[in-house]
Amino acid sequence: MQERNKRRFSVFSVFFTFFIDNLGFTIIFPILAPLFLSPTQSVLAASMSYKLKATILGLFLGVYPFAQFLCAPLIGEFADKYGRKFAFISTGFITLLGYVLCAISIMYKWVFILFIARLIMGASSGNLSVCLSSLADLSDTKKTKVRYYGLGSVIAGVTFVLGPFLGGKLSDSSLNEIFSPAFPMWVGGMLTFINLIFLFFAFTETVHEKSDEKFDLIKGFHNVQIALKTPSIKKLYMIYFFYLLSWNMLFQFIPAFLVTRFSSGNSTIGDISALMGGCWIIGSVLLYKGLLPFVKTKTMLFLTSILLIGFILACAFVGDMFYFVILLGICVVVASFGWPLCAGAISNAASNNMQGKIFGLSQSIQSLAMMFAPIIVAPFLAKGSGVPFYIAAAVSAVFGILVIFTKVPEHH
């Protein structure tokens, strides 16, 4: 009974850590665009040109996944070498530092410190690999492991809805005088501190034989090299990258677009971002319950590309907020088909003894797409401009063309 309780507390600790990490990534979405682009809230000088402000916003959005790209493989190796608990607590303290620096830099408009804080939070968010490996350690059967991973996916979906909603509401001073753009960061820091205490007392170490492998300080880059040299999955990774690039151009750009075309505030951006999260969940359910049993993977991926092109371009020409949100919701539903289809195809193309490596490679590819998307789009973010939508649609077209000329393993 005592061992079972220890296991339960440990599992809860892992899921709570996973929740906090995802919340840290999503809670800031409604805050960022106004912080850099709004005439009244911007932390940048009023004399700075709009194009330069948008470019700085793009760089800021890119530093989080860049840090994740560099540090995620290192954190995974660190956990193997020094234990999961030490890795969790170390990254937890780093996350707490990132939240505090974020809050202070927003309050005092310290732009450089804000960049450093986001870099720190991106680095510590790389402990996803520690969460996954801990859940594997705590699973007594394969069925339990699948159930744990499924629950993790649900938690990610919940934070995708909850994070932007909280960020939008808690940063809106018109709702409550204590709310401000810095307030959600203090809330995130408080939750991280609670998580640290829980990890310290409730999580039981799951690694009993520590690894003696040397650290590879640029393993993220080496992961990409491996992906491009593996013949059976090289083209599949290219499909995955261009799909993710198109989706991230849409997802990360929307808050800035809402500010520039519709003059939306934090609260509205939070509501729409939460709606996007809900549409993602709806799309995932539709894929698994309705489409997957009847449509081949390659066909579904190609249809995803074509539908994305159409609805992304439609978003560029809509001037009414109501119709824009409807089209955006459909875009997100369609985009949600791509991630599980690509991940499943890549996994099916690899042998069983490569599955662990596949996780690492996929996370590196995902971080690269998240990093490049805002950097490419931001310079074209003129007021109300539809150019970023055109770029995202073009990238989705490349994704579709690659699907046509690639042998895609089926899920049946």
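Look a little higher up for the structure.
In this text, all values refer to a predicted model and were calculated from it rather than measured experimentally.

A. Geometry of the pattern of salt bridges. Summed over the entire model, instances satisfying the criterion amount to two salt bridges. Two residues, Arg 84 and Asp 137, come together in a salt bridge whose shortest N-O distance is 2.8 Å. With Arg 84 in helix 4 (residues 84–108) and Asp 137 in helix 6 (residues 128–138), the pair connects residues that are 53 residues apart, well separated along the chain. When the shortest N-O distance is used, the salt bridge between Asp 271 and Lys 169 registers 3.1 Å. Placement of Asp 271 in helix 11 (residues 266–291) and of Lys 169 in helix 7 (residues 142–170) is noted, with a sequence separation of 102 residues between them.

B. Here's a closer look at the packing of aromatic side chains. According to the stated counting rule, one finds 28 aromatic pairs in the structure shown. With centroids separated by 5.1 Å and ring planes inclined at 85°, the aromatic side chains of Phe 160 and Phe 251 adopt a geometry described as edge-to-face. With Phe 160 in helix 7 and Phe 251 in helix 10 (residues 234–262), this residue pair connects regions lying 91 residues apart in the sequence. Ring centres of Phe 262 and Phe 324 lie 5.5 Å apart, and the angle between their planes is 50°; this geometry places the pair in the tilted category. A residue pair is termed long-range when its members are at least 10 positions apart, and Phe 262 in helix 10 and Phe 324 in helix 13 (residues 321–349) qualify at 62 residues. On the basis of relative accessible area, Phe 324 is assigned to the buried category, the value being 0%. Here the aromatic residues Phe 9, Phe 12, Phe 16, Phe 19 and Phe 198 are joined through ring pairs into a cluster of three or more. Positioned above the aromatic ring of Phe 200, the side-chain terminus of Lys 85 is 5.6 Å from the ring centre.

C. View of the packing of helix 12 (residues 297–316) against helix 15 (residues 387–404). Two numbers describe how helix 12 lies on helix 15: the axes approach to 9 Å, and their chain directions differ by 165°. Here helix 12 lies roughly antiparallel to helix 15, going by the angle between them. Between helix 12 and helix 15 lies a crossing whose hand is left-handed. The segment helix 12 lies against helix 15, with Lys 298, Leu 301, Phe 302, Thr 304, Ser 305, Leu 308, Ile 309, Ile 312, Leu 313, Cys 315 and Ala 316 engaging Phe 389, Tyr 390, Ala 392, Ala 393, Ser 396, Ala 397, Phe 399, Gly 400, Val 403 and Ile 404. Of the residues belonging to the contact of helix 12 with helix 15, the class tally is 16 nonpolar, four polar and one charged.

D. Expanded view of empty space enclosed by the protein. Across all of its chains, the model carries five cavities of 30 Å³ or more by this definition. Roughly 70 Å³ of volume is contained in the largest cavity. Lining the largest cavity, in full, are Leu 57, Gly 58, Leu 61, Gln 252, Phe 253, Ala 256, Pro 374, Val 377, Ala 378 and Leu 381. Put simply, the parts of the chain that give the lining of the largest cavity at least two residues each are helix 3 (50–82), helix 10 and helix 14 (355–377). In terms of residue class, the lining of the largest cavity is built from eight nonpolar, two polar and no charged.

E. Main features of the layout of surface pockets. The volume enclosed by the second largest pocket comes to roughly 250 Å³. In this structure, the second largest pocket is lined by 14 residues; those nearest its centre are Leu 37, Ser 38, Pro 39, Val 259 and Ser 263. Looking at the lining of the second largest pocket, the elements that each hand over two or more residues are helix 2 (29–37), helix 3 and helix 10. Partitioning the lining of the second largest pocket into residue classes produces five nonpolar, seven polar and two charged.

Cut-offs and rules
Residues numbered from 1 in each chain as written. Predicted model: local features only at pLDDT ≥ 70, side-chain atom pairs only at ≥ 80, totals over all residues. Heavy atoms only, no water. Salt bridge = Lys/Arg side-chain N within 4 Å of Asp/Glu carboxyl O. Helix = DSSP H or I, 4+ residues; strand = E, 2+ residues; numbered from the N terminus. Phe/Tyr/Trp six-rings, centres within 6.5 Å; stacked < 30°, edge-to-face > 60°. Buried < 20%, exposed > 50% of the residue type's maximum accessible area, 1.4 Å probe, protein only. Lys NZ or Arg CZ within 6 Å of the ring centre and 35° of its normal. Axes fitted to C-alpha atoms, helices over the stretch in contact; angles between N-to-C directions. Parallel < 35°, antiparallel > 145°, perpendicular 65-115°, else oblique. Left-handed = near helix turned anticlockwise from the far one by under 90°. Contact = heavy atoms within 4.5 Å. Nonpolar A, V, L, I, M, F, W, Y, C, P; charged D, E, K, R; others polar. 1 Å grid on protein atoms, 1.4 Å probe; cavity = no way out; pocket = protein on both sides within 12 Å on 5 of 7 lines; lining within 4 Å. Points joined across faces, edges and corners; volume = space filled by probe spheres on them.

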